[in-house]
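Tertiary structure, described
Chain by chain, the residues:
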Amino acid sequence: MKKFVRHLVYTVFFIGIVSCSSTVTTGEGTGLLWQISGNGLKNPSYLFGTHHLVLKQFLDSVPGFYPAFNSVSQLISEVGAELSPEMMNSFPDMMMPVDTTYRDLLGDEDLRILDSVLLKYFKVTSGQMSMKPSILSYSIMMMYYFEDRDIPKDILQNGLDGHLTNEALSKGYPVVALESADSQYQLLFKGSLTEQALELMCTLKYPALMEAQVELEPAYHRQDLDKLWKIYQDQLAEIEKIDIACQPTPEEKEEDALVKGRNLKWMEKIPGLITEQPSIIVVGALHLPGEYGLIHQLREKGYTVRVVKK
């Protein structure tokens, strides 16, 4: 299985992209905070699209965010309060087997490309690298994203997600997970070492696609959900033009576990949770638009979902 696309985007947004050819957007353009009402709800809930590498101060610019946050009594997020850098470090199977090296997985030319990147970012060669290819791909993307940019290295602790979880806990809100951190890890970082090595080399051989990820942040800061969706669709179109070995298979396009599949599973839980008590649902912004996005799925179930403008 070829999962290049999911690693490429998920590293920046932690939301992954395998494929979704729909051109459906939000229908209302700009906005990251959406009110959910109707369909028997006694009190409205809210849906907020986050960016995991944006500082908490960004919330000051989101119309109506604090009144919405203060009006609910529960926070619903992708992995609840589980995910932290310390927890990520505790995941099993992050290191290569002792009897396997990158020379066993890659040819000479690929090793040369890999070594040049490793020397730049980590001051080591492939012969000295013990991380599995999927973890290394993630780490390289993070290094690329932070390169020459004024972003605190503790952003994962002090970004939107961690801040909102801490704020919810301080208010006594239950923090409910839509999925386990382990299940997210399994989706992102599993696969044979050969498959992982292919994903890694696809990441390194197409830097233009990595550069495109930087476009997501200014669109997010403008709170332009439709622009985020267009960037996503444009990247999918670019993927179709590159090395066939780096493209998702038709089966992966249909499965789309990281976007479509997860959204559908989340929608099995969300209606019951927001019926029990008013909630704010905090997930990666690219889970909101599209045919299988949460906005459209909630509307399909009879809820009124509208952007909060003030």
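Residues numbered from 1 in each chain as written. Predicted model: local features only at pLDDT ≥ 70, side-chain atom pairs only at ≥ 80, totals over all residues. Heavy atoms only, no water.

**Focus on the nonpolar core**
Convention followed: Side-chain atoms within 4.5 Å are what join buried Ala, Val, Leu, Ile, Met, Phe, Trp, Tyr and Cys residues into a set we call a nonpolar core. The cut-offs for exposure are 20% and 50% of the maximum accessible area for each residue type, with area from a 1.4 Å probe on protein chains only; residues under the lower value are buried, those over the upper are exposed, and the others partly exposed. It only takes one pair of heavy atoms within 4.5 Å for two residues to be counted as in contact.
Counting 50 residues, the largest nonpolar core has Leu33, Leu47, Phe48, Phe65, Tyr220, Ile270 and Ile280 as the members making the most contacts within it. Filtering out sequence-adjacent residues up to four positions away, Leu47 remains in contact with Leu32, Leu33, Trp34, Ile36, Ile281, Val283, Leu288, Leu294, Ile295 and Leu298. Of all hydrophobic cores here, the second largest spans 22 residues; its members include Met94, Leu118, Leu200 and Leu204.

**Some remarks on the packing of aromatic side chains**
Stated formally: Here a pair means two rings of Phe, Tyr or Trp (six-membered ring of Trp) with centres within 6.5 Å. Their orientation is stacked below 30 degrees between planes, edge-to-face above 60, and tilted elsewhere. By definition, any uninterrupted DSSP run of H or I lasting at least four residues is a helix, any uninterrupted run of E lasting at least two residues is a strand, and each is numbered from the N terminus.
Enumeration according to the criterion identifies 5 aromatic pairs in this entry. The interplanar angle of 20° and the centroid separation of 5.8 Å between the aromatic rings of Phe65 and Phe69 together place this pair among those described as stacked. Here Phe65 and its partner Phe69 are both found in helix α2 (residues 65–71), 4 residues apart, which amounts to about one turn of the helix. Neither Phe65 nor Phe69 differs from the other in exposure class; each is buried.

**Here we look at the sheet that holds strand β5 (residues 279–284)**
Backbone-to-backbone hydrogen bonds pair the strands of a sheet. The strands run either parallel or antiparallel. Heads up, the condition is: Any two strands are treated as partners once DSSP identifies two or more bridges connecting them. Interaxial angle, 0 to 180 degrees, is taken between N-to-C directions of lines fitted to C-alpha atoms, where a helix line uses only the stretch in contact.
Ordered in space as β4-β3-β5-β2-β1-β6, the 6 strands form an open sheet in which the pairing is mixed. Each having just a single partner strand, β4 (175–177) and β6 (304–307) make up the two edges of the open sheet. When strand polarity is set aside, the average angle formed by the axes of neighbouring strands in this sheet is 25°. Where strand β3 (residues 74–77) and β5 come together, 4 bridges link them in parallel fashion. The residue bridging Ser77 from the neighbouring strand is Val282, located in β5. On the sheet, helix α8 (residues 160–170) packs against β2 (45–50), β3, β4 and β5 and is oriented at approximately 150° with respect to β2.

**Quick notes on the pattern of salt bridges**
Using the following cut-off: Every case where a carboxyl oxygen of Asp or Glu lies within 4 Å of a side-chain nitrogen of Lys or Arg is listed as a salt bridge.
This structure, assessed with the given rule, holds 5 salt bridges. With its nearest N and O atoms 3.1 Å apart, the salt bridge here joins Asp108 to Arg103. Measuring nitrogen to oxygen at the nearest pair gives 3.0 Å for the salt bridge that ties Lys205 to Asp110. Linking Lys205 in helix α10 (residues 193–205) with Asp110 in helix α5 (residues 108–121), this pair joins segments that are 95 residues apart in sequence. Overall, Lys205 belongs to the partly exposed group, its relative accessible area being 39%. Exposure remark for Asp110: the relative accessible area of 18% places this residue in the buried category. Through salt bridges with shared partners, one network takes in Glu78, Glu179 and Arg262.

**Description of the side chain of Thr203**
The cut-off we apply is this: Contacts described as polar in this section are N or O atom pairs within 3.5 Å, which, within protein, must combine one atom able to donate a hydrogen with one able to accept it, while residues neighboring in sequence count only if both atoms come from side chains.
Its location among the elements puts Thr203 in helix α10. Since its relative accessible area comes to 1%, Thr203 is described here as buried. Looking at Thr203, its side chain comes within polar contact range of the side chain of Ser137, at 3.3 Å. A polar atom in the side chain of Thr203 sits 3.0 Å from the backbone oxygen of Glu199.

**What to know about helix α6 (residues 133–146)**
Rules: Take the residue count of a helix, subtract one, and multiply by 1.5 Å to get its expected span.
Under the 1.5 Å per step criterion, the end-to-end length of α6 is 20 Å for 14 residues, consistent within 8% with the ideal 20 Å. Counting buried residues in α6 gives 13 out of 14 residues, a clear majority hidden from the surface.

**A look at unusual backbone geometry**
Most peptide bonds adopt trans geometry, and most residues besides glycine take a negative phi value. For Asn39, which is not glycine, the phi dihedral falls at a positive 55°. According to the relative accessible area criterion, Asn39 is partly exposed, its value standing at 43%.

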